[in-house]
Amino acid sequence: MLIVQKFGGTSVANRERIFAVARLIAQAAKMGAQVVAVVSAQGDMTDELIERAIAINPRASAREMDAYLATGEQMSVGLLAMALEKLGYSAVTLTGWQAGLETDSVYGNARILRLGSDRIVRELEGGKIVLVTGFQGWNEAGDITTLGRGGSDTTAVALAAFLHADLCKIYTDVDGVYDCDPRNNPNAMKFDWLSYEKMRRLIAGGAQVLHDRSVEMAQQHGIAIEVLSSFTGNPGTIVCSETRRGD
Ligand code: ASP
Ligand code: MG
């Protein structure tokens, strides 16, 4: 069994959270699954990086911004690999380009085209937990590209599709998908499941729980996504097709 897990920025915001996530990954590995974990930059790191860049040059070229912004995710996977190592697990980190995630050349909003390398598969076969930086890939010119804000979700779904994963779990700081933002609305209602179409309508209406292209990609490849909390362990929300629901 192959599982793709994705952890958002709040899920890896500090030392304690990094160990909590390492334990979630370890749990899946202990059950015998091959695990690919996609990780976002810690907390507000991407915003901070953007602020620092603007202070230097508000009109920096898109190519340089992408190469620079991709570093937030590199820090996260590095720290997570060190945590797993400390817990006695063998993990390897791969950047978008090391993993072979090929994108178009729209810097700052690149679209994933294909997985052009078997590196992830080789590492899994070698018994490693594979930690992949979210939000990034590389283009024809061999340059680093980023996928747009929130794009780590799309990295996870793309890898689940290309690797034919059995499960794609998107861990976040809420228990699933709600009809409105549960962080500032106490009456928000959680969905047990919802269709790709409904999810896309929620995103069009402003919901930020998933990157829009991740749902597009999931629908294209028939990947069921589970959105759940890395904090609570409660069951999440499944986003899938109407027909898949009865499986
Ligand atoms: N770190 C990036 C962002 O803040 C990508 C992501 O979190 O999915 O937008
Ligand atoms: Mg997000």
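Just so we're clear, the structure is a prediction, and the values are computed from it rather than from any experiment.

1. Side note on the overall build of the chain
Right, so step 1: Broken down by element type, the chain carries nine helices and twelve strands.
Right, so step 2: Taken over the C-alpha trace, the chain has a radius of gyration of 17 Å; the compact-globule value for 247 residues is 18 Å, and the two agree within 12%.
Right, so step 3: Buried residues in the chain amount to 51% of all 247 residues.
Right, so step 4: Across the chain, contacts joining residues at least 24 apart in sequence account for 69% of those joining residues at least 6 apart.
Right, so step 5: Surface exposure of the chain reaches about 11,700 Å², of which carbon and sulfur atoms provide 49%.
Right, so step 6: Counting 24 positive and 29 negative side-chain charges, the chain places the averaged centre of each group 3 Å from the other.

2. Overview of helix α8 (residues 196–204)
Right, so step 1: All of the buried residues in α8 are Tyr196, Met199, Leu202 and Ile203. Projection of α8 onto a plane perpendicular to its axis shows the buried side chains occupying an angular sector of 120 degrees, all on one side. Turned more than 90 degrees from where α8 packs its buried face, Arg201 and Ala204 sit exposed.
Right, so step 2: As for α8, its buried residues are in contact with β10 (193–195), α9 (212–221) and β12 (237–240).
Right, so step 3: Gly206, located one to two residues past α8, shows a positive phi value of around 115 degrees.

3. Details of the sheet that holds β10
Hydrogen bonding along the main chain pairs the strands of a sheet, whether they run parallel or antiparallel.
Right, so step 1: Spatial ordering of the open sheet is given by β3-β6-β2-β1-β9-β11-β12-β10, a layout of eight strands whose pairing is mixed. Whereas interior strands pair on both sides, the edge strands pair on one side only; in this sheet they are β3 (91–94) and β10. Taken over all neighbouring pairs, the strand axes of this sheet differ in orientation by 20 degrees on average, direction set aside.
Right, so step 2: Here helix α4 (residues 71–86) sits on the sheet and contacts β2 (34–39), β3 and β6 (129–133); the angle it forms with β6, its principal contact strand, is near 160 degrees.

Cut-off values and rules
Residues numbered from 1 in each chain as written. Chains lettered and ligands numbered in written order. Predicted model: local features only at pLDDT ≥ 70, side-chain atom pairs only at ≥ 80, totals over all residues. Heavy atoms only, no water. Helix = DSSP H or I, 4+ residues; strand = E, 2+ residues; numbered from the N terminus. Rg over C-alpha atoms; globule rule 2.2 N^0.38 Å. Buried < 20%, exposed > 50% of the residue type's maximum accessible area, 1.4 Å probe, protein only. Contact = heavy atoms within 4.5 Å. Areas by Shrake-Rupley, 256 points an atom, 1.4 Å probe, with all protein chains shown as cover. Lys, Arg positive; Asp, Glu negative; His and termini not counted. Charge placed at Lys NZ, Arg CZ, Asp CG, Glu CD. Arc of directions from axis to C-beta. Pairing = 2+ DSSP bridges. Axes fitted to C-alpha atoms, helices over the stretch in contact; angles between N-to-C directions.

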